[in-house]
Amino acid sequence: MTRRLGVLFVQTDCGGGVPPAIAVARRLREQGHAVRFLAARSLEGQLTREDFAYEAFQRAPDFGSARRETDQLRDWEARTPIGAVHALFNVMCGPAAAHAADVVDNLEATPTDVVACDFMLLGAFVGAEACRIPAVGLVHTVAVLPLDGLPPIPYGLQPAHSSPGRWRDTLLRHARDRLLRRWLTVLNDARARYRLAPVSRVYDQWFRAQRLLILSSPTFDFPATHLPENVRYVGPARWEAPTDSSLDLPEPSRDQLVLASLSTTYQAAERYLRVLIAALGRLPVQAVVTTGAGYDATDLGPLPDNVLVRPYAPHGALLGRAAVMITHSGHGSVMAALAHGVPLVCVPFARDQRDVAIRAVATGAAITLRPTGLTARRLSRAIEHVLEQPDYREAARRMQASLATEDGANRAADEIAATVVA
């Protein structure tokens, strides 16, 4: 290291973005850099527990995504994928001016060399640009950016290999761009406050950053035909929150262990949770279900003897002996399972989950089911199928070998530091 850098992380409470940001920040701190966070108040406990300097947003909306009553995204209310995109950009662009102002205030108060922004906070990029500080975007999932050769999100589509597929992608991109015109005006209004030239498309703000780091594996993601110069795959960056209480997990037995995980963010999955527990109760397995903080286990009624339900349990404590993981298809959960060679039953709800799930299926290590109309009988059969067919575990172990060569936290830290050196 040539000199000690000041690095500001700007982080929202969006579930999957928090662990990789903490993992990268820890690595930068280990390298001797001065790291601090500007973040949602709901993250204060996690960040101060890790001994990071922390300041709460002052103007930007403060919310916690773990519970129904505090979730700002509320994309679980959307009835169509386009509606979900609208809800997403309402959070990404709606408070752009407020995020920009918070970042500008922070940068003016504290000497800073580089800003690492959660890619969802477009206003944070504006604030860094206004202060002429290098910005690095942390993309905590697969390439959801509009890249050549990749299908539009959030539909869970395979890449197009024929004219009908390319027409499909063109129509979906046009629909997306029409929807984003409103948010383009909001973003450019935020830019105008700092006399920054307008951008032509909302996502052009990302490509103005010095780096966009995709915290996923290129062996897992679909390949783009071209990557812009500032886009890098760095690999998954893993961190798990510690638990304050005894896990009370099942002792090893002759029954196979199944880990089922819902998102740490609330996604209106009450019905699915009951179906999941009923499906596991049908099978001769040990099962652990982690629900996140947004669901009350006391509402579930009597549980089957073989099913343990907890709001949280570190996946690392279970995946070493799990035979299969049932997941909402969050990127972090899927990467954790594959890093342990564990095959998957994916039940994606929204956001990037369909796109992560279709990539997991493409590796050969997973099958996917829709949550709408899902029954306990159908889900239990899917779990049995993955348990009984060795091809899924063999494919998961191939991914495990590939992921073992990647250290996303270390490479992301190096890329962040390199933006200053360059």
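Computed from a predicted model, the values in this text were never measured in an experiment.

(A) Geometry of the environment of cysteine 14. With respect to the helices, strands and loops of the structure, cysteine 14 is situated in the loop between strand E1 (6–11) and helix H1 (18–30). With 104 residues separating them along the chain, cysteine 14 and aspartate 118 place their C-alpha atoms 9.3 Å apart.

(B) Quick peek at the nonpolar core. Ranked by size, the top nonpolar core spans 80 residues in total, and within it Val10, Val202, Trp206, Phe220, Leu338 and Leu344 carry the most contacts. Sort the elements by how many residues they give to this core and helix H6 (residues 163–192) lands first, with six residues. Discounting residues that sit within four places of it in the chain, valine 202 has contacts with Phe89, Cys93, Leu122, Leu180, Trp183, Leu184 and Leu187.

(C) Molecular detail of the sheet that holds strand E3 (residues 53–56). Across the sheet, which stays open at both edges, the seven strands sit in the order E3-E2-E1-E4-E5-E6-E7 with parallel pairing between neighbours. Both edges of this open sheet fall to E3 and strand E7 (231–233), since each of them pairs with a single strand only. Averaged over all adjacent pairs, the angle separating strand axes in this sheet is 20°, with direction ignored.

(D) Spotlight on the packing of helix H8 (residues 270–281) against helix H12 (residues 376–388). For the pair H8 and H12, interaxial distance at closest approach is 8 Å and the crossing angle is 55°. Relative to H12, the element H8 is oriented oblique. Crossing geometry of H8 relative to H12 is assigned as right-handed. Contacts from Tyr272, Val275, Leu276, Ala278, Ala279 and Leu280 of H8 reach H12 at Ala376, Leu379, Ser380 and Ile383.

(E) Spotlight on the side chain of aspartate 352. Here aspartate 352 is to be found in the loop between strand E12 (344–346) and helix H11 (353–362). It turns out aspartate 352 is buried and unbridged, and the closest side chain with the opposite charge, arginine 351, is 6.8 Å from it. Engagement of the side chain of aspartate 352 in a polar contact is seen with the side chain of threonine 141, the distance being 2.5 Å.

(F) Representation of the pairing of strand E8 (residues 256–261). Of all six residues making up E8, five are buried, and the element is well covered by its neighbours. Relative to strand E9 (residues 285–290), E8 runs parallel, the two being bridged by six bridges. Directly across from alanine 260, in E9, lies its bridge partner valine 289. For E8 and strand E11 (residues 322–327), the ladder comprises five bridges, and the chain directions are parallel. Along E11, the bridge assignment pairs serine 261 with threonine 327.

(G) Here's a closer look at helix H4 (residues 96–109). The end-to-end C-alpha distance of H4, which contains 14 residues, comes to 20 Å, matching closely the 20 Å that a straight helix rising 1.5 Å per residue would cover. Burial within H4 is extensive, with 10 of its 14 residues counted as buried. Listing the buried residues of H4 in full gives Ala96, Ala98, His99, Ala100, Ala101, Asp102, Val103, Val104, Asn106 and Leu107. Against E1, strand E2 (34–39), E3, strand E4 (114–118), helix H5 (122–130) and H6 lie the buried residues of H4.

(H) Region of interest: the pattern of salt bridges. Enumeration over the complete set of coordinates arrives at 14 salt bridges. Salt-bridge contacts for aspartate 204 lead to arginine 201; the nearest nitrogen and oxygen are separated by 2.9 Å. Relative accessible area serves as the criterion here: at 17%, aspartate 204 is assigned to the buried category.

(I) Region of the structure containing the sheet that holds strand E10 (residues 307–310). Pairing within the open sheet is parallel, and its six strands lie in the order E10-E9-E8-E11-E12-E13. The two strands at the open ends of the sheet, each matched to only one other strand, are E10 and strand E13 (366–368). Across the sheet, the mean angle from the axis of one strand to that of its neighbour is 15°, orientation sign disregarded. In this fold H8 packs onto E8, E9, E10 and E11, with an angle of close to 165° to the strand it touches most, E9.

(J) The arrangement of the environment of glutamine 286 in detail. For glutamine 286, the location among the structural elements is in strand E9. On the basis of relative accessible area, glutamine 286 is assigned to the buried category, the value being 12%. Distance in space between the C-alpha atoms of glutamine 286 and valine 258 is 6.1 Å, their sequence separation being 28 residues.

(K) Up close: the packing of H5 against H6. Running from N to C, H5 and H6 point in directions that differ by 25°, and their axes come no closer than 10 Å. On the basis of their axis angle, the class for H5 and H6 is roughly parallel. Pair H5 / H6 crosses with right-handed handedness. On H6, the residues touching Leu122, Val126 and Glu129 of H5 are Leu187, Ala190 and Arg191. Residue composition of the contact of H5 with H6, grouped by class: four nonpolar, no polar and two charged.

Rules behind the numbers
- Residues numbered from 1 in each chain as written.
- Predicted model: local features only at pLDDT ≥ 70, side-chain atom pairs only at ≥ 80, totals over all residues.
- Heavy atoms only, no water.
- Helix = DSSP H or I, 4+ residues; strand = E, 2+ residues; numbered from the N terminus.
- Core = buried A, V, L, I, M, F, W, Y, C linked by side-chain atoms within 4.5 Å.
- Buried < 20%, exposed > 50% of the residue type's maximum accessible area, 1.4 Å probe, protein only.
- Contact = heavy atoms within 4.5 Å.
- Pairing = 2+ DSSP bridges.
- Axes fitted to C-alpha atoms, helices over the stretch in contact; angles between N-to-C directions.
- Parallel < 35°, antiparallel > 145°, perpendicular 65-115°, else oblique.
- Left-handed = near helix turned anticlockwise from the far one by under 90°.
- Lys, Arg positive; Asp, Glu negative; His and termini not counted.
- Salt bridge = Lys/Arg side-chain N within 4 Å of Asp/Glu carboxyl O.
- Polar contact = N/O pair within 3.5 Å; in protein donor to acceptor, adjacent residues only side chain to side chain.
- Expected span 1.5 Å × (residues − 1).
- Nonpolar A, V, L, I, M, F, W, Y, C, P; charged D, E, K, R; others polar.

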